[in-house]
Each structure stands twice: as C-alpha cells, then as structure tokens.
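# A structural walkthrough
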2 protein chains.
Amino acid sequence: MQILKEKIIRYGELIADSIIKVDSFLNHQLDIDLFNEMGREFKKRFQDTTITKILTLESSGIAVACITAQYFQVPVVFAKKHEAANLGADTYHAAVYSFTKDKLYQIRVAKDYLLPQDKILIIDDFLATGQAINGLLEIVSQAGAEAMGIGVVIEKGFQKGREKINNQQIQLESLAIIEEIHDGKIIFQ
Amino acid sequence: MQILKEKIIRYGELIADSIIKVDSFLNHQLDIDLFNEMGREFKKRFQDTTITKILTLESSGIAVACITAQYFQVPVVFAKKHEAANLGADTYHAAVYSFTKDKLYQIRVAKDYLLPQDKILIIDDFLATGQAINGLLEIVSQAGAEAMGIGVVIEKGFQKGREKINNQQIQLESLAIIEEIHDGKIIFQ
C-alpha cells in the first residue's frame, strides 16, 4: 500500500536494528484518514471472505481493527493483555512472548464474545515474530470458531513471522512488508 | 442518548454497587455501529467548537476516540498507561489513581504529539471519580494546549467525578449519566 510505505519512510524512526517506531501515525498519534485507507484496503483484499467478527489485541490493534470493522460491518473483540478487574474467569487465553518488551503476557478473551459459528478476521498493527498472531489463532481455536484471514499493517519480513504462523493455510495480508533494514534504510519487499 | 441507555439496561452487568460492566458492547466486544452513533452525537454536542485533536487514554478510550475522530476530521492521540519500550523520555505525564484496580498509573504522552496551538477534545469511555480526565487535563496543560471539551460515554454521576474536574469552565458532555444504582437497578439522570 503505497501511501503507507511513504508514511513509514517519511515518519518511521529506527530504534536499534529491528524496531521501527511509527508513533506519529500508527501507535501513539493515530492518522484516522490513513486508517480509513487501510480499512478499505483490507476489505478489498478479503472481499470474497465471509467475516462475522474482527479479533485484535490491545492496545495498538484496537484503532485499526475498529476503523476496518466499518468496512466489514462487524463488531470487534479485542484480547486483553493487561489485568482487567472485571473480565471474569471464564476466558480463552494464550501466552504471548513480546521480544520488544522481553515479557510474557497472558492474552485473554471472555468466552461470551467468541462463538463456534464466528468467522474471524484477525487484525494487528505489526507482524514481527508471529507470537501475537499465534496467540490470537490459539484463542480462535479454543472457541471453536474459524479463522478466515489475518490482516496486519506492517510486516517485518526479516523476522520471519510469516513462516512461524501456526496455520499456513490462512490468507495473510500485510499492507507493507519490510524486507530489511540496512544502514538505517528501510527496504520494502 | 436513548439507544445507549437501552444498551446499558439490556446488557450492562452490575458488579458490586459501583462497577457496571459493559463488556458486550463498549469495553471488550465493540459495537461499531453504536460507536458511530456516539461519534455523531459528540460532533453534534461540540459542533461549534474548534477541535484540532482528540486525546484519550488507552485501552478502552481508543475505540470511541477513533470512531469519533472521523466526525471531527482530526487525529487521535492516546495517553499510554502501560510501559512502552520505545515511547522515549520526552513526555508529558500525570499520575492517575484507578479505584477499580486500586493502582496508581503514570499516564504519558510524547511531547511531539501535543502542540501549544492544539485545541483538544478529551474523549473517554467512563467518568467515575474524575481521576483519568484530570490526568488528561494536566497533560494538555503541560503542553500549553487548550482543552476545549470533554466527552464521555457513561458518567457514573453518583461518584461525583463531574464536581471534581479541575477545570469547571470546560464543556463536559456525557452520553448517558447514571444517577444511581439501587437494588440492582440502574437509574439514569
């Protein structure tokens, strides 16, 4: 998606060799016009797929999931990764290791909000090592629902997350794929 | 807002005397059609107010802020309350005590994303004791920006947050105000 790649080049900040900070439009300040472009693009890429619900992960997946949901006319459910006083005990859950934060999270979804008949589109902001996506796939599987597709905004191709997705049959669409970061330059696939 | 009150009555779960759980449409599963109704309503209530940016607090404020931002055609900035590896040190910040979780948070916004010329609409899902809103007002003040209005989805009137807002001149709009919870019944103002 050309406009997204231009934003990444123009506003992305490289932190170390593998972390790209896009706080000015994706992760802290949110460019809602761009999010609408992304939502339209996800709809285009999954136009023939039946979707009943979008599943994402707090916090940074929520914005893109919500704007995208408008194009599919479905509700969003976000997995919680922080303690939530009133989430209740009856949850699907998976362990997700964050390399960025060097921390193991439990991500959880209340059983009430994922049903066996649900056809799920997983949306997230980044695909890096695939940990978060695999955690969400695990939760969909526990619910007996069907994962129909995965849409991510930025795929860090060099971290090989795509190959580590536990379901290799599922359609995976990334709006921008970074092949490598070399000498402070971002090279797209 | 009638449709919201009906949702609260129909789907809200009372937890203890002061916590109302609205996970089925507002805080875990997100009813995007309802969010669009809320966004339109906020725009109506602040139609004569110049707004350049919406400020909210992760995680549960993000969805309503993003959908609402479409009606104001402005970007969203969300204050971070969880550790963020790459937020950087140059932040505005405020301490916010959460009664629900009995925990003191630091909420933070990178200085890059709030400018002195910004005219801010603060959006959040709940107004209870006013702690979160006051933290956001403090951050707006640190940036030298101007807080133009506060929009919340559900105000728990009985917790008197409205009276505790540090800026009593600012326009505060709640889409549903719960006056009291009595014998397991929710009574709106």
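Overview of the structure. (Residues numbered from 1 in each chain as written. Chains lettered and ligands numbered in written order. Predicted model: local features only at pLDDT ≥ 70, side-chain atom pairs only at ≥ 80, totals over all residues. Heavy atoms only, no water.)

## A closer look at the nonpolar core
Counting residues in each nonpolar core, the largest one holds 76 residues, and the members touching the most others are Leu 4 and Met 38 of chain A together with Leu 4 and Met 38 of chain B. Leu 4 of chain A has contacts with Phe 25, Leu 34, Met 38, Val 153, Leu 175 and Ala 176 of chain A, leaving out every residue within four places of it along the chain. (Core = buried A, V, L, I, M, F, W, Y, C linked by side-chain atoms within 4.5 Å. Buried < 20%, exposed > 50% of the residue type's maximum accessible area, 1.4 Å probe, protein only. Contact = heavy atoms within 4.5 Å.)

## Concerning the pattern of salt bridges
Here the structure, examined in full by the defined rule, presents 18 salt bridges over all chains. Between Glu 146 of chain B and Lys 119 of chain B there is a salt bridge whose closest N-O contact spans 3.1 Å. Here Glu 146 of chain B is found in strand β9 (residues 146-156), whereas its partner Lys 119 of chain B is found in strand β8 (residues 119-127), with 27 residues between them in sequence. Its salt-bridge partner being Arg 162 of chain B, residue Glu 155 of chain B comes within 2.8 Å of it at the nearest N-O pair. Counted as one network, the salt bridges with shared partners bring together Glu 41, Lys 44, Arg 45 and Glu 173 of chain A. (Salt bridge = Lys/Arg side-chain N within 4 Å of Asp/Glu carboxyl O. Helix = DSSP H or I, 4+ residues; strand = E, 2+ residues; numbered from the N terminus.)

## Comments concerning the sheet that holds strand β4 (residues 53-57) of chain A
The seven strands are arranged β11(A)-β10(A)-β9(A)-β8(A)-β4(A)-β5(A)-β3(B) in an open sheet whose pairing can be described as mixed. Strand pairing shows two members of the sheet lacking a second neighbour, β11 (185-188) of chain A together with β3 (29-30) of chain B, which therefore form its edges. In terms of strand pairing, strand β8 (residues 119-127) of chain A meets strand β9 (residues 146-156) of chain A through eight bridges, oriented parallel. By the bridge assignment, Leu 121 of chain A is partnered in β9 of chain A with Gly 149 of chain A. Against the sheet, helix α5 (residues 131-143) of chain A contacts β4, β5 (76-79), β8 and β9 of chain A, and its axis sits at roughly 165° relative to β8 of chain A. (Pairing = 2+ DSSP bridges. Axes fitted to C-alpha atoms, helices over the stretch in contact; angles between N-to-C directions.)

## Regarding the relation of the copies chain B and chain A
Structural alignment of chain B on chain A gives an RMSD of 0.0 Å, achieved by rotating through 180° and translating 0.0 Å along the axis. Such a turn and shift between the copies fits a two-fold axis. (Least-squares fit on C-alpha atoms with pLDDT ≥ 70 in both.)

## Details of the packing of aromatic side chains
The final tally for this structure, using the stated rule, is two aromatic pairs over all chains. We note Lys 81 of chain A situated over the ring of Tyr 105 of chain A; from NZ or CZ to the ring centre the distance is 5.0 Å. (Phe/Tyr/Trp six-rings, centres within 6.5 Å; stacked < 30°, edge-to-face > 60°. Lys NZ or Arg CZ within 6 Å of the ring centre and 35° of its normal.)

Just geometry here; none of it tells us what the structure is for.
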